[in-house]
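Each chain is listed here by its residues.
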Amino acid sequence: MSVGAPVRRVRAYGGQFLLLAVLTLVVTLLISGVPRLVNRLAEQGLRAQLNSEPAARRDISYTTRLEPATSRRTAMGNAAEQFDALAAEMPPPVRSAVTERWYSVETAEARVVGPDLAARNLLVDMGLRAMPDIQGASTLVEGAWPSETYVPDRPIEVALDVDVARKLNLRAGSQLRIGRADDKGRLVDAAPLVVSGLFRPVDRANGIWDGLPQLLQIIEPPGDGMPFILFGVVAQSAFNKRAAAGWPIQSTWRYRLGVDRIDAQKLDELIDGLQVMQRNQPAEVTLTQGVDVPLRAFAAQINAVRTLLAVIAAGVLATLAGLIVLAASLATRRRRSEFALLRARGGGATAGARRSLAESVLVVPIAAVLGWWLGTLVPGAPDPTTPYVIAVTVLVTLALPVATLAVPAGGAARRDLIRVRPSARRLTVEVSLLLLAGLAAVLLRRRGLTLGEVDPLLVSVPVLLAVAAAVLALRAYPWPLLLVSRLAARTRGSVAFLGTARAGRSAVAAPLVVVVLAIGTAAFCAVVAAGVDASRERAAAQIVPADAVIRGERFAPDTIDELGRLPGVRAVTRVLYEDDERLASDEVGTDAFIGQTDVLLVDGSGLDKVARESQVDLSVPTALRTAAPGPGPLPAIVSPAVAADLARAGLGDSAFISVQGQRYEFRVAGTADGFPMLAANANRFVILPWQALPTRNTTPVPTSLLIAGNSLDAEALRVAGDQGQERYQRDGAVTGKERMIGVTVDTRADVRRDLGEGGANGVLAFGFVAGAVGGTVLGLLAIAFTVLAGARARGQVLSRLRTLGLSRRQWRGLLLVELTPLVAVSVLTGALVGAVLPLLLNPVLGLSAFTSGVPVRVAFEPSLVAAVLALGAVALGFAVAVEALNNRRLRLGEVLRLGEES
């Protein structure tokens, strides 16, 4: 067979082959390009999450105990040797991610005295630290660096940060003595020390300064009569001399992971490597690292989103596969007479298929290569998708020949009749399909999923359920129309009768399945996205059940009144939280031998008011809201685990629990799986009503304050909270005058925004948008195929009816009546599938990683009804427009003369 004949046929049927080529290009573009885009979004999300953390969070630190050196080698030489050895022992994924590293050796803090310190009556302890490369990271401001040349009887030379030195009244040349302070504050084994120079860091963000304790800061005394603490830099030779003299020393090695070195695709390998390091750390050192926490959080999100994307991709690709089958079937149907003539002239049974294969080979591979190439232009790390592209190319190339083989050998058959009693073969296929879909759904719920992996069962379940729903809709589709058609036959006019009769006899099996797949995918994305958004709102309300919360250590009682006077504040209530308390069986504190329990003390009525003022959907239990002072135990809301432990311990429903040193008896007034201000995974807690506490000499002090208001100033709230803590301290309630940590202020709006930003949320949003938009567009395209599949038959009917006097207005009405049931059943079935799929898949998708651990709940969304109605209207208008354009192209006046058939 010459190449010229297939080329001429491709040109003659250019529209049909162009459609097949475009669908092929879209499929291969999605297969090769979408994974790259997802990987890029994942990398960006990982970079954003790591960059939002303090840089020191990415440090892997090894620290020895503070003790005299035992090696005969110099202290610095031994530290340098271990510095390289520890790096070499790291697992390859961890070692390759290290971009910066530092080590240092230091002594314990010792008392320093001198005239400059005495001038300001300062009590100071100083540690000595030797660290290479410090001179390259700083600029000398005054004096000189400590000399590396050891001279006997020379004082220890130390360099200090210029700001630290000036705060302590020190300068270059300050004469000091360093030694151990005895019980009376006198120095023992004192050695002379001189400040040789002052330096300033070139870049304070340089990781060399992140070692703890820091060189650039003074550690403030935690209480009265306690010293300031600072560290100074000494020469390595001087440090070796002190270590040889028996001074206790401590070595620290730090390795920082670079943000650009952490690959989101190999995150599990890096986390596993960190676990291996934790298990195999040397006995003489302590390993400290916190980078696995954000990495695990991101890994949980990316695994969940990849599983979700697998579901969405299955629906989109199955829809595209259906469209390709429809396109091939439509092209074959238009050329049915050609293939029948080929057989009549002596061609074999596969002659038409060979002709179609030659034509497909000229079009499909080129389109596939072009789609694959366009996909490679998408920025992002590639996935091994080439085998899938090749497989798709082969299958699409064979689609047209296989459709040709399905053409009846004896010519055209009527396609406008639906048998009331289906054949045994069709009935067997449909029942088997329904059973397979049900079995797959049950297995999925029973077996669960491995997040992050593309499970064939997960991929097949949504498609099988959509196809099964389409089969059921197809079987039920003709019966209501038959009844309506009989009723329309009794009325005047022919439009309603003819339209419903033709709609009931339409063969819409394959197009209906494709439309249901597409609309089901779009509806699934919309429902899950709405569920995630609503769950984030609940998570934000769980963390901050008000407009803002101030968390601290302890607040003075009048802090509530001070906050109430701030602009915009409408209500304030107090909360006390203590963790890991023990339950007692009696008032003297006899241990009930029940696991440690969190305690939350809330003012029930105040919490209810703040929640209402903040418009938070929070139902405060009646037992907490209405509790009042009185005899007997306090009514409490407990977790089911605590209630079960009380019963198991033989305590009934009551016990004693300590709150800030005071023991209170409580009885179980109800149980709850969770409560605001508690972690989402908290499973052991007791919640007591503050307003019902008995009067005692010592009253509880709040540790958090909830605020409701408009346009709250977070900085003003922070200042008021710090002042409340200072007043509590100033009143003498804190033993030893210990300095309290500053308060933190969180607003519900900020928490909600943080939940929706950063991490893998970009990938999640892309999946939802792509699935919803892609499903809708492909659904409309499938409806267009459905219309085109019966366009010629409708054209013949229209031509005949026009000769009988059917007006243009009646023709439009007939077309509307015929297409409305088809579009309605397709869109509604797809929407129903999309609403049911989240109920089945949500428990195994792991989307709680995006809601701070709060379970994602999907429910009926009223807005979905409006969206379905709008989509149905658009789809119907689109179908009518496609039919009108097609009728103009066909020139309906010529249809009867040409004898064209469907």
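Residues numbered from 1 in each chain as written. Predicted model: local features only at pLDDT ≥ 70, side-chain atom pairs only at ≥ 80, totals over all residues. Heavy atoms only, no water.

Here we take up the overall build of the chain. Each helix and strand counted, the chain has 28 helices and 21 strands in total. Relative to a compact globule of 902 residues, whose C-alpha radius of gyration would be 29 Å, the chain shows 38 Å and is clearly more extended. Each principal axis of the C-alpha distribution contributes one length, and for the chain these read about 120 × 75 × 50 Å. On the chain, roughly 42800 Å² of surface is accessible, and the fraction owed to carbon and sulfur atoms is 57%. Seen as two clouds, the 94 positive and the 79 negative side-chain charges of the chain have centres 18 Å apart. (Helix = DSSP H or I, 4+ residues; strand = E, 2+ residues; numbered from the N terminus. Rg over C-alpha atoms; globule rule 2.2 N^0.38 Å. Areas by Shrake-Rupley, 256 points an atom, 1.4 Å probe, with all protein chains shown as cover. Lys, Arg positive; Asp, Glu negative; His and termini not counted. Charge placed at Lys NZ, Arg CZ, Asp CG, Glu CD.)

For the rest of this paragraph, the subject is the pattern of salt bridges. Applying the stated criterion across every chain yields a total of 29 salt bridges. We note a salt bridge from arginine 254 to aspartate 59, for which the minimum N-O separation is 3.0 Å. Linking arginine 254 in strand β10 (residues 249-257) with aspartate 59 in strand β1 (residues 59-64), this pair joins segments that are 195 residues apart in sequence. Its relative accessible area of 7% is what places arginine 254 among the buried residues. For aspartate 59, a relative accessible area of 6% gives the class buried. The partner of glutamate 338 in a salt bridge is arginine 335, with the nearest N and O atoms 2.9 Å apart. Classification of arginine 335 as buried rests on a relative accessible area of 3%. Taken together, the shared-partner salt bridges in this structure form one network comprising Arg9, Arg335, Glu338, Arg355 and Glu359. (Salt bridge = Lys/Arg side-chain N within 4 Å of Asp/Glu carboxyl O. Buried < 20%, exposed > 50% of the residue type's maximum accessible area, 1.4 Å probe, protein only.)

With that settled, consider empty space enclosed by the protein. Summed over the entire model, instances satisfying the criterion amount to 6 cavities of 30 Å³ or more. Its boundaries defined by the atoms lining it, the largest cavity holds a volume of some 140 Å³. Considering the residues around the largest cavity, the lining is formed by 13 residues, among which Ser104, Arg129, Ile208, Gly211 and Arg254 are closest to the centre. Elements with a minimum of two residues in the lining of the largest cavity: β2 (98-107) and β10. A total of 4 residues in the lining of the largest cavity trace back to one element, the largest contributor, which is β2. Classifying every residue of the lining of the largest cavity gives 7 nonpolar, 3 polar and 3 charged. (1 Å grid on protein atoms, 1.4 Å probe; cavity = no way out; pocket = protein on both sides within 12 Å on 5 of 7 lines; lining within 4 Å. Points joined across faces, edges and corners; volume = space filled by probe spheres on them. Nonpolar A, V, L, I, M, F, W, Y, C, P; charged D, E, K, R; others polar.)

The next subject is helix α13 (residues 424-447). Structural remark: α-helix, 3.6 residues per turn; residues separated by three or four positions point the same way. Under the 1.5 Å per step criterion, the end-to-end length of α13 is 34 Å for 24 residues, consistent within 8% with the ideal 34 Å. Residues Glu430, Leu433, Ala437, Ala440, Ala441 and Leu444 constitute the buried set of α13. (Expected span 1.5 Å × (residues − 1).)

The 10 strands are arranged β14-β17-β18-β16-β19-β15-β13-β20-β12-β21 in an open sheet whose pairing can be described as mixed. At either end of the open sheet lies a strand with only one pairing partner, and these are β14 (583-584) and β21 (744-747). Its contacts with the sheet put helix α19 (residues 604-613) on β13 (569-581), β15 (597-602) and β20 (704-709), and the angle it makes with β13 is roughly 125°. Packing of helix α21 (residues 640-648) onto the sheet brings it into contact with β14, β15, β16 (634-638), β17 (654-659), β18 (662-671) and β19 (685-689), and relative to β18 it is tilted by some 105°. (Pairing = 2+ DSSP bridges. Contact = heavy atoms within 4.5 Å. Axes fitted to C-alpha atoms, helices over the stretch in contact; angles between N-to-C directions.)

When pLDDT is averaged along the chain, the result is 85, and 90% of the positions lie at 70 or above. Per-residue pLDDT stays below 50 along residues 415-419; that stretch engages in 11 contacts with residues further than four places along the chain or on separate chains. pLDDT under 50 marks residues 897-902. Its contacts with residues more than four places away, or in other chains, come to 13 contacts. (pLDDT = per-residue confidence, 0-100.)

This part covers the environment of leucine 274. In this structure, leucine 274 sits in helix α8 (residues 267-279). Excluding anything up to four places from it in sequence, leucine 274 contacts Ile60, Val94, Gln289, Val291, Asp292 and Leu295.

Right, let's get into helix α7 (residues 236-244). Within α7, the full set of buried residues consists of Ser237, Ala238, Phe239, Asn240 and Ala243. In the stretch just after α7, glycine 246 is the one whose phi turns positive, near 100°.

To continue, consider the packing of helix α11 (residues 351-376) against helix α12 (residues 386-405). Axis angle and axis distance: for two packed helices, these are the angle between their axes and the distance between the axes, and together they describe the pair. Contact geometry of α11 with α12 gives a least axis separation of 8 Å together with a crossing angle of 150°. Judged by the inter-axis angle, α11 sits roughly antiparallel to α12. When you trace α11 past α12, the crossing you get is right-handed. Contacts between α11 and α12 involve Gly352, Ala353, Ser356, Leu357, Glu359, Ser360, Val361, Val364, Pro365, Ala368 and Trp372 from the first element and Thr386, Val389, Thr393, Val396, Thr397, Leu398, Leu400, Pro401, Thr404 and Leu405 from the second. (Parallel < 35°, antiparallel > 145°, perpendicular 65-115°, else oblique. Left-handed = near helix turned anticlockwise from the far one by under 90°.)

With their axes 10 Å apart at the nearest point, α8 and helix α9 (residues 292-334) run at an angle of 145° to one another. In this structure, α8 crosses over α9, and the sense of that crossing is left-handed. From α8, Leu267, Asp268, Leu270, Ile271, Leu274 and Gln275 reach across to α9, where they touch Asp292, Leu295, Arg296, Phe298 and Ala299. Of the residues in the contact of α8 with α9, the class split is 7 nonpolar, 1 polar and 3 charged.

In this structure, the second largest pocket occupies an estimated 1400 Å³ of space. Looking at the second largest pocket, it is lined by 42 residues, and the ones nearest its centre are Leu30, Ile31, Ala313, Ala314 and Leu317. Looking at the lining of the second largest pocket, the elements with two or more residues in it are α2 (14-52), α9, α12 and α24 (761-789). Looking at the lining of the second largest pocket element by element, the count peaks at 15 residues for α9. Looking at the lining of the second largest pocket residue by residue, the classes come out as 33 nonpolar, 7 polar and 2 charged.

Ranked by internal contacts, the top residues of the largest apolar core, which has 167 residues, are Tyr62, Leu295 and Phe524. Among the elements that make up this core, the one with the highest residue count is α9 (22 residues). Residue contacts for leucine 295: discarding those within four places in its chain leaves Leu46, Leu50, Ile262, Leu267, Leu270, Ile271 and Leu274. Formed by 31 residues, the second largest nonpolar core is a distinct cluster that contains Ala546, Ala571, Leu618 and Leu624. (Core = buried A, V, L, I, M, F, W, Y, C linked by side-chain atoms within 4.5 Å.)

A separate point is unusual backbone geometry. Where the residue is not glycine, phi is negative for most of them; where a peptide bond is considered, it is trans in most cases. For the bond running from leucine 212 to proline 213, omega is -10°, close enough to zero to count as cis. Mapped onto the elements of the fold, proline 213 is located in the loop between β8 (187-201) and β9 (228-233). Its identity as a non-glycine residue notwithstanding, aspartate 189 has a phi of 55°, on the positive side. Here aspartate 189 shows up in strand β8. By relative accessible area, which is 66% here, aspartate 189 ends up exposed. Phi at aspartate 580 takes a positive value of approximately 60°, unusual for a residue other than glycine.

On to the pairing of strand β4 (residues 124-130). The side chains of a regular strand alternate, first on one face of the sheet and then on the other. Counted residue by residue, β4 has 7 buried out of 7 residues, so it is predominantly covered. Neither face of β4 is open: one carries Val124, Met126, Leu128 and Ala130, the other Asp125, Gly127 and Arg129, and all of them are buried. Examined bridge by bridge, β2 and β4 share 2 bridges and lie antiparallel to one another. For valine 105, the partnering residue across the bridge sits in β4 and is alanine 130. In terms of strand pairing, strand β3 (residues 110-113) meets β4 through 3 bridges, oriented antiparallel. Within β4, the position partnered with arginine 111 by the bridge is aspartate 125. Here β4 runs beside β9; their pairing, made up of 6 bridges, is parallel. Paired with methionine 126 across the strands is leucine 230, a residue of β9.

In this structure, serine 535 sits in helix α17 (residues 509-543). We classify serine 535 as buried; its relative accessible area is 1%. When near neighbours in sequence (up to four residues on either side) are disregarded, serine 535 contacts Thr851, Val854, Pro855, Val856 and Arg857.

Next up on the list: the side chain of serine 658. Inspection of the secondary structure assignment puts serine 658 in strand β17. Take serine 658: its relative accessible area is 15%, and that puts it in the buried class.

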